[in-house]
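Summary of structural features
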Amino acid sequence: MKKFFLDYGYSSVKMFVNQFAIALFGFSLVIAVSGLENEYSDWLIYVVSGFAVLFYLVLIYSIPWNHGARDRISVDYKKKDKNILLGFYMGLAANVPNILVAALAGIFHFTGPIGAAEGLRGIGIALQGMYLGLLQFKIGETSLNAYWWMLFVVMLPSIAISTLAYIAGFNNVRVFKFKEHKKYY
């Protein structure tokens, strides 16, 4: 455990800082677009929120990918054991504040102090501000941001991307190919 935090702790914190920055970005986009009053404003909110989420996932993709690529070299030289779940653990470590807020919101939802549960749900939505527009989607009469368990659901894409990015880096699978440089002699 200590070795994990020494090797991957900084990157996990960096992933959370990226999440916080993109949360502010996504929150700002949704607030700006929600001021528009036309027949397409609801769909525009979903589009800008979806853009912010995709931007966030692309941004965090490179961190576990780089670790996977470096770890592959260490595994090949027998300096490290192969553990393909390190990307998953990095994603979990980066989402520890989100997990704590979501768990406390769920506990308070069932044990009684509804004001505390609502406050924590608001903090959780602010921490995951890039999902704000998508969480306004209504099922029946209730929007998704009214459910405390959605705080857990919105963490799943970042954990999945972190896992897949580490595996891709470990196996040297690239999403974007770099342009070949021509040598002029």
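Above this text sits the structure in question.
Residues numbered from 1 in each chain as written. Predicted model: local features only at pLDDT ≥ 70, side-chain atom pairs only at ≥ 80, totals over all residues. Heavy atoms only, no water.

Some details on the nonpolar core
- Grouped together as the largest cluster of nonpolar side chains are 39 residues, with contacts concentrated most on Met-130 and Leu-135.
- Of all the elements, helix 2 (residues 41-76) adds the most residues to this core, at nine residues.
- Sequence-distant contacts of Leu-135, that is, excluding residues within four places in its chain, are made with Ile-125, Ser-143, Leu-144, Asn-145, Met-150 and Val-154. (Core = buried A, V, L, I, M, F, W, Y, C linked by side-chain atoms within 4.5 Å. Buried < 20%, exposed > 50% of the residue type's maximum accessible area, 1.4 Å probe, protein only. Helix = DSSP H or I, 4+ residues; strand = E, 2+ residues; numbered from the N terminus. Contact = heavy atoms within 4.5 Å.)

Examining unusual backbone geometry
- One non-glycine residue, Lys-78, adopts positive backbone phi at about 60°.
- Tracing the backbone through its elements, the reader meets Lys-78 in the loop between helix 2 and helix 3 (86-94).
- For Lys-78, a relative accessible area of 74% puts it in the exposed group.
- For Asn-172, which is not a glycine, the phi torsion comes out positive at approximately 55°.
- Residue placement: Asn-172 occurs in the segment after helix 7 (156-170).

Here we look at the packing of aromatic side chains
- Applying the stated rule across the entire model yields 13 aromatic pairs.
- Residues Phe-4 and Tyr-8 carry aromatic rings whose centres are separated by 5.3 Å and whose planes lie at 35° to one another, so their mutual orientation is tilted. Of this pair, Phe-4 and Tyr-8 both sit in helix 1 (residues 2-34), separated by four residues, roughly a single helical turn.
- Its relative accessible area of 14% is what places Phe-4 among the buried residues.
- Taken together, Phe-4, Phe-5, Tyr-8, Phe-88 and Tyr-89 form an aromatic cluster joined through their ring pairs. (Phe/Tyr/Trp six-rings, centres within 6.5 Å; stacked < 30°, edge-to-face > 60°.)

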